[in-house]
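Architecture and fold: a report
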Amino acid sequence: MKELSFDAIPAKIQELNSRLIRIEHLLKTKGEKAETDQWFDLDQLVNYLPGHPAKQTIYGLVSNRKIPFHKRGKRLIFSKKSIDLWIAEGRQKTVDEIRNEI
């Protein structure tokens, strides 16, 4: 290891600070990506939602478009991020409310 002179300390501190900022950025983006990439099937969603509603309840919400969902072929899938936002909002707009906004 090379000895550090007094005059080189500010440059080394700046280098360490830059590295720390990059590490923080990597950790933040890794956490965000993990959350946006998580998907639930119907069974996983039932277990995730508070109160663990019945599958028929979820199908009713999907049918009335009151819960955010995606459809892959015949399978329903749900984004964790969208579900968390839906829960936080308290409710989705009804079809009539959406029509009135248009």
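All of the points below concern the structure found in this document. (Residues numbered from 1 in each chain as written. Predicted model: local features only at pLDDT ≥ 70, side-chain atom pairs only at ≥ 80, totals over all residues. Heavy atoms only, no water.)

**Digging into unusual backbone geometry**
Where we set the bar: Secondary structure elements are taken from DSSP: a helix is a run of H or I of four residues or more, a strand is a run of E of two residues or more, and numbering for both begins at the N terminus. Exposure is judged per residue with a 1.4 Å probe applied to protein chains only, and the accessible area is read against the type maximum: over 50% gives exposed, under 20% gives buried, and values in between give partly exposed.
Here the phi dihedral of H52 falls at roughly 45°; this positive angle occurs in a residue that is not glycine. In this structure, H52 sits in the loop between α2 (42-48) and α3 (55-63). Residue classification places H52 among the partly exposed residues on the basis of a relative accessible area of 49%. The phi dihedral of R65 falls on the positive side, at around 55°, and the residue is not glycine. Within the element layout of this structure, R65 appears in the loop between α3 and β2 (70-72). Using a relative accessible area of 57% as the deciding quantity, one classes R65 as exposed.

**Points about the sheet that holds β2**
Here is the rule: Note on pairing: DSSP must find at least two bridges between two strands before they are called paired. When checking whether two residues touch, look at their non-hydrogen atoms; a contact exists if any pair is within 4.5 Å. Fitted lines through C-alpha atoms give the axes, limited to the stretch in contact for helices. The angle between two N-to-C directions lies from 0 to 180 degrees.
Here we have 3 strands laid out as an open sheet, ordered β1-β3-β2, and antiparallel in their pairing. The sheet terminates laterally at β1 (39-40) and β2, the two strands that pair on one side only. Pairing of β1 with strand β3 (residues 75-79) involves 2 bridges; the strand directions are antiparallel. Note that in β3 the partner of W39 across the bridge is S79. Against the sheet, helix α4 (residues 80-89) engages β1 and β3, with an angle of about 65° to β3.

**Looking at the pairing of β3**
One face of the sheet, then the other: side chains in a regular strand alternate in exactly this way. Where burial is concerned, most of β3 is hidden: 4 out of the 5 residues are buried. Relative to β3, β2 runs antiparallel, the two sharing 3 bridges. Considered in β3, the bridge of H70 is made with I77.

Honestly, that's just the spatial picture; any functional story needs more than this.
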